[in-house]
Amino acid sequence: MTDGPALAIKIDNINQALPHVGLTSADVVYVKQVEYGLTRLLAVYSSSLPPKIGPVRSARISDLELLAQYGPVAFAYSGANGGVVSAINSSPLRSVSHDSSGVGYWRERGRSAPHNLFGDPVQLLGRRPDAPVTRDVGFRFGPLPAGGRPATRVVASYPDASIALAYDPGTGRWLYSLNGRADQTPTEGQAGGTTVIVQYVDVRPSEYGRGAANTPYTATVGSGGAVVLRDGQAFDVTWQRPSPDAPTQYLFNGVDMPLAAGQVWVVLIDKNRPASVT
């Protein structure tokens, strides 16, 4: 992350949404569960702004808790439950939603709705020049520590989605696939980060929706276990975040776990659904 303004944007993450555009420029990419056992991405941009990002989709109530550690950053999304919209508008976040204004958004030809909405991050940030720099969110970067174990692939299984990141020694990146399909464009290559954090959290029903259509609430305040993957190795760590305004610490043997320089992926998954690391 840099000392410039930051944009957080919700991104579609089902088969019809691939390939993602602009994802390789994000500083941080979060994976979260939504309705029907599917997933959605929340990407944060500060260091580099690509020409376009998408497909853009709707917000969820737990986005507010997750983003609170970043401060009042610009938040781009399209659609949300009325109660969620009210909560966003009354929060410190600077909303730059598609619903409030079409400035910075367009529908891409060659893709079917609703998986065809894209955003220009420069225009979106321009809508809220009061979006400040981000705060310290707890990431620490540094050399590879001792004490890891060899790892080449991690698979996180949600009720109706499979997230895989496989280590590429040539680039030092963990390359992303959704349901067995590589997320890749001709110009950007395959999506993926230099560090992957599988963070085990409480995923519980929210007050929005019923049955399979209920919106899961992904709790990112609290503490628990996690696995950090970098440089072809895996480290069992703990995480802690005592309040929404506090950063998330990832601790290995009692000290901050150093991450590899570059893009960070944080896979938020139910603590009762452990990921497979091979």
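My aim in this report is to walk through the structure given alongside it, one point at a time. Since the model is a prediction, treat every value here as computed from it, not as a measurement.

A separate point is the overall build of the chain. Secondary structure assignment for the chain yields three helices and 25 strands. In terms of C-alpha radius of gyration, the chain reaches 17 Å, essentially the compact-globule figure of 19 Å for 278 residues. C-alpha extents for the chain along the principal axes are approximately 50 × 40 × 40 Å. For the chain, the proportion of its 278 residues judged to be buried stands at 56%. Taking the contacts inside the chain whose residues are at least 6 apart along the sequence as the reference set, 64% of them involve residues at least 24 apart. Distance between charge centroids for the chain: 4 Å, based on 24 positive and 22 negative side chains.

Counted according to the given criterion, the structure contains seven aromatic pairs. An angle of 45° between the planes, with centres 4.9 Å apart, marks the rings of Tyr167 and Trp174 as tilted. One exposure class covers both Tyr167 and Trp174, and it is buried. Between the aromatic rings of Tyr176 and Trp265, the centroid separation amounts to 4.7 Å while the plane-to-plane angle is 40°, which identifies the pairing as tilted. Linking Tyr176 in strand E12 (residues 173-178) with Trp265 in strand E24 (residues 264-270), this pair joins segments that are 89 residues apart in sequence. Overall, the relative accessible area of 0% leaves Tyr176 in the buried class. Of the aromatic side chains, those joined through ring pairs into one cluster are Phe139, Phe141 and Tyr250.

A few words on unusual backbone geometry. Note the cis peptide between Gly54 and Pro55, where omega equals 0°. Turning to its location among the elements, Pro55 is positioned in the loop between strand E3 (39-45) and helix H1 (62-67). Cis peptide bonds are those with omega within 30 degrees of zero, and the linkage from Ala113 to Pro114 qualifies with 5°. You can see Pro114 is positioned in the loop between strand E6 (105-107) and strand E7 (117-119). Within the chain, Asp231 stands out as a residue other than glycine whose phi angle is a positive 50°. Relative to the elements of secondary structure, Asp231 occurs in the loop between strand E19 (222-230) and strand E20 (233-241).

With seven of its seven residues buried, E24 lies for the most part within the structure. Direction of pairing for strand E17 (residues 195-205) relative to E24: parallel, over a ladder of seven bridges. Note on E24: the bridge partner recorded for Thr195 is Val264.

Scoring rules and cut-offs
- Sequence order as written defines residue numbering, which begins from 1 separately in each chain.
- A pLDDT threshold of at least 70 governs which residues receive local features in this predicted model, and a stricter bar of 80 or more applies before side-chain atom pairs are shown or counted, although totals over entire chains, interfaces and linings include all residues.
- Excluding hydrogens and water, the side-chain figures rest on all heavy atoms present in the structure.
- Strands here mean DSSP runs of E at least two residues long; helices mean DSSP runs of H or I at least four residues long; both are numbered from the N terminus.
- Atoms counted for the radius of gyration: C-alpha only. Globule rule: 2.2 Å times the number of residues to the power 0.38.
- The buried label goes to any residue with under 20% of its type's maximum accessible area, the exposed label to any with over 50%, and the partly exposed label to all in between, with areas taken from a 1.4 Å probe on protein chains only.
- Only heavy atoms matter for contacts: two residues are in contact if any of them lie within 4.5 Å across the pair.
- Here Asp and Glu are counted as negative and Lys and Arg as positive; His is not counted, and neither are the chain ends.
- A charged residue contributes its charge at one atom only: NZ of Lys, CZ of Arg, CG of Asp or CD of Glu.
- Pairing of aromatic rings covers Phe, Tyr and the six-membered ring of Trp, with a centre-to-centre limit of 6.5 Å; geometry is then stacked below 30 degrees between planes, edge-to-face above 60, and tilted otherwise.
- Following DSSP output, two strands are said to pair if at least two bridges run between them.

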